[in-house]
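A closer look at the structure
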Amino acid sequence: MKRREETRLNICLKKPLPAKFSIIPNLVENHHLLVANSLIASSALLSVLAGTAAGCIIFDSVEFSASMYFNGFTYLFSAGAIGN
């Protein structure tokens, strides 16, 4: 049962990726496609790295309960934004 839930989550998370990459040929000229695809892929990886590093620093600088309240707030904010 747990494997099925992970598969559904992976499908939902990976769904926007083709749309993100499919718009690139409409935005840049053909001879710049390789550079544009490389930049968008590397910027996505760098943003994950920067976000993880920033999260670690923030989590380490505040106490545990404050970080859990912040996590709960961001979850409720996301749920409210999706619900509207």
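Residues numbered from 1 in each chain as written. Predicted model: local features only at pLDDT ≥ 70, side-chain atom pairs only at ≥ 80, totals over all residues. Heavy atoms only, no water.

Scanning the chain from N- to C-terminus turns up 5 helices and 0 strands. Taken from N to C terminus, the helices and strands of the chain fall in the order α-α-α-α-α. Expressed as a percentage of the 84 residues in the chain, the buried residues total 4%. (Helix = DSSP H or I, 4+ residues; strand = E, 2+ residues; numbered from the N terminus. Buried < 20%, exposed > 50% of the residue type's maximum accessible area, 1.4 Å probe, protein only.)

With 77% of its residues at a pLDDT of 70 or more, the chain shows a mean pLDDT of 80. Across the chain, element-level confidence peaks in helix H4 (residues 33-61) with a mean pLDDT of 88 and bottoms out in helix H1 (residues 2-14) with 57. (pLDDT = per-residue confidence, 0-100.)

Let us look at helix H5 (residues 64-83). Think of an α-helix as turning once every 3.6 residues; residues three or four places apart then point the same way. For H5, which comprises 20 residues, the first-to-last C-alpha distance of 29 Å matches the rise-based estimate of 28 Å (1.5 Å per residue) to within 8%. Counting buried residues in H5 gives 1 out of 20 residues, a small share hidden from the surface. (Expected span 1.5 Å × (residues − 1).)

Before going further, it helps to examine the packing of aromatic side chains. Summed over the entire model, instances satisfying the criterion amount to 2 aromatic pairs. On the basis of an interplanar angle of 85° and a centroid distance of 6.1 Å, the ring pair of Phe59 and Phe64 is categorised as edge-to-face. (Phe/Tyr/Trp six-rings, centres within 6.5 Å; stacked < 30°, edge-to-face > 60°.)

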